[in-house]
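Secondary and tertiary structure notes
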Amino acid sequence: MKLKPTKIVAVGLNYRDHAAELKLPLPDEPLLFLKPPSAVIGEGEAIVCPPQTKELHYEAELAVVIRDRAKNISEADAPARILGYTCGNDVTARDLQRKDGQWTRAKSFDTFCPLGPKIVSGLSPDKLDIKLYLNGELKQSSNTANLIFKVPYLVSYISQVMTLEPGDVILTGTPAGIGPMRAGDRVRVEIAGIGALNNVIAEAK
Ligand code: MG
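So, a few notes on the structure that sits alongside this text. Residues take numbers from 1 onward in each chain, read along the sequence in its written order. Totals for whole chains, interfaces and linings use every residue, but because this is a predicted model, local features are given only for residues with pLDDT of at least 70 and side-chain atom pairs only at 80 or more, for both listing and counting. As a rule here, side-chain values come from all non-hydrogen atoms in the structure, and water together with hydrogens is ignored.

1. Here's the deal with the overall build of the chain
Of regular secondary structure, the chain possesses four helices and 15 strands. Throughout, the radius of gyration refers to the C-alpha atoms, and the reference size of a globule is 2.2 Å times the residue count to the power 0.38. Relative to a compact globule of 205 residues, whose C-alpha radius of gyration would be 17 Å, the chain shows 16 Å and is just as compact. Dimensions along the principal axes, computed over C-alpha positions, put the chain at roughly 45 × 35 × 30 Å. Partly exposed residues are those whose accessible area sits between 20% and 50% of the maximum for their type, while under 20% is buried and over 50% is exposed, using a 1.4 Å probe and protein chains only. Buried positions account for 53% of the 205 residues belonging to the chain. Any two residues whose heavy atoms approach within 4.5 Å at even a single point are treated as in contact. For the chain, the share of sequence-separated contacts (at least 6 apart) that also reach a separation of at least 24 residues comes to 77%. With the model as given, the accessible surface of the chain reaches about 8900 Å², and the carbon-plus-sulfur share is 53%. Note on conventions: DSSP H or I runs of at least 4 residues are helices, E runs of at least 2 residues are strands, and numbering of each starts at the N terminus. Per-residue accessibility takes into account occlusion by the displayed protein chains alone, with areas from the Shrake-Rupley method and a 1.4 Å probe.

And the structure:
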């Protein structure tokens, strides 16, 4: 599976446990940012650690894949526009995120958006266990029931801003437990009912 979205719309700070971990108040609206399509890789491909960062982080996320064009749609109409769900890793250069004051560079390096292993349709996104393992060790463990803004709300909210096209991806935010990865590490995002997305970390050549 290799997705070719026209854009990846990501949501920052969308799990209660992650907001608590960062000692931040719960947001009253979704915080949106974009990742470029050029960052997408698939199951088994390498995340390349760029030389510009000393702090490469993983973020396990439920990814929503859009089926039909969506513009100004209601929450009630959102489920019919969704093709299905897959696992995502919102790879982030945490030091650059702090330094730049906005997130484009930190979130956008090539290979910073692993997605896969497959798109699962007909799944309810409301109560799925989500886990991340680094070298086999459990680092993130939560459930999509902890999402502050739920999937239909996000699709509707984003569609009030930009037209969602078929194949576009929404990354719904990461739970508590974010942390660093280094060259040679193996990272695995597991979501119940979907499967597992495995990637290795490689040094930039
Ligand atoms: Mg994220």
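2. Overview of the coordination of the magnesium ion
In this listing, donors mean N, O and S atoms no farther than 2.8 Å from the metal, or 3.2 Å for Na, K and Ca; water is missing from the atoms, so a site can look incomplete. Coordination of the magnesium ion by the protein comes from Glu-59 (OE), Glu-61 (OE) and Asp-90 (OD), over a distance range of 2.0 to 2.1 Å. Mapping the donors of the magnesium ion onto the primary sequence gives the spacing E-x1-E-x28-D. Here Asp-90 lies in the loop between strand S7 (82–89) and strand S8 (92–93) and Glu-61 lies in strand S6 (residues 60–66), a separation of 29 residues in the sequence. When its relative accessible area of 1% is taken as the criterion, Asp-90 is described as buried.

3. Some remarks on the environment of Leu-34
Following the sequence through the fold, Leu-34 ends up in strand S2 (residues 31–35). Measuring from C-alpha to C-alpha, the distance between Leu-34 and Thr-104 comes to 7.4 Å, with 70 residues separating the pair along the chain. When sequence neighbours within four positions are dropped, the list of residues in contact with Leu-34 reads Lys-7, Ile-8, Val-9, Ser-108 and Met-162.

4. Looking at the sheet that holds strand S13 (residues 179–180)
Any two strands with at least two DSSP bridges between them are considered paired. With antiparallel pairing, the three strands of this open sheet are ordered in space as S8-S5-S13. Since the sheet does not close on itself, it has two edges, and those belong to S8 and S13, each with one partner. As paired strands, strand S5 (residues 56–58) and S8 are joined by two bridges and run antiparallel to one another. By the bridge assignment for S8, Leu-56 is matched with Ala-93.

5. What to know about helix H4 (residues 151–159)
In an α-helix, one full turn covers 3.6 residues, which means residues spaced three or four apart are oriented alike. Counting buried residues along H4, seven of its nine residues qualify, which places the element largely inside the surrounding structure. For H4, the set of buried residues is Val-151, Leu-154, Val-155, Ser-156, Tyr-157, Ile-158 and Ser-159. Each element contacted by the buried residues of H4 is listed here: strand S1 (8–12), S2, S6, S7 and strand S12 (169–171).

6. Focus on the side chain of Thr-92
Take Thr-92: it is sitting in strand S8. Here the side chain of Thr-92 touches Asp-90 through a polar contact of 2.9 Å, landing on its backbone oxygen. Polar contacts here mean pairs of N or O atoms no more than 3.5 Å apart (in protein, one a potential hydrogen donor and the other a potential acceptor; neighbouring residues in sequence count only if both atoms are side-chain atoms). Reaching out from Thr-92, the side chain makes a polar contact with the side chain of Lys-107 at a distance of 2.8 Å.

7. Concerning the pairing of strand S15 (residues 195–203)
In this structure, strand S4 (residues 46–49) lies alongside S15, joined through four bridges in parallel fashion. Within S15, the position partnered with Val-48 by the bridge is Ala-202.

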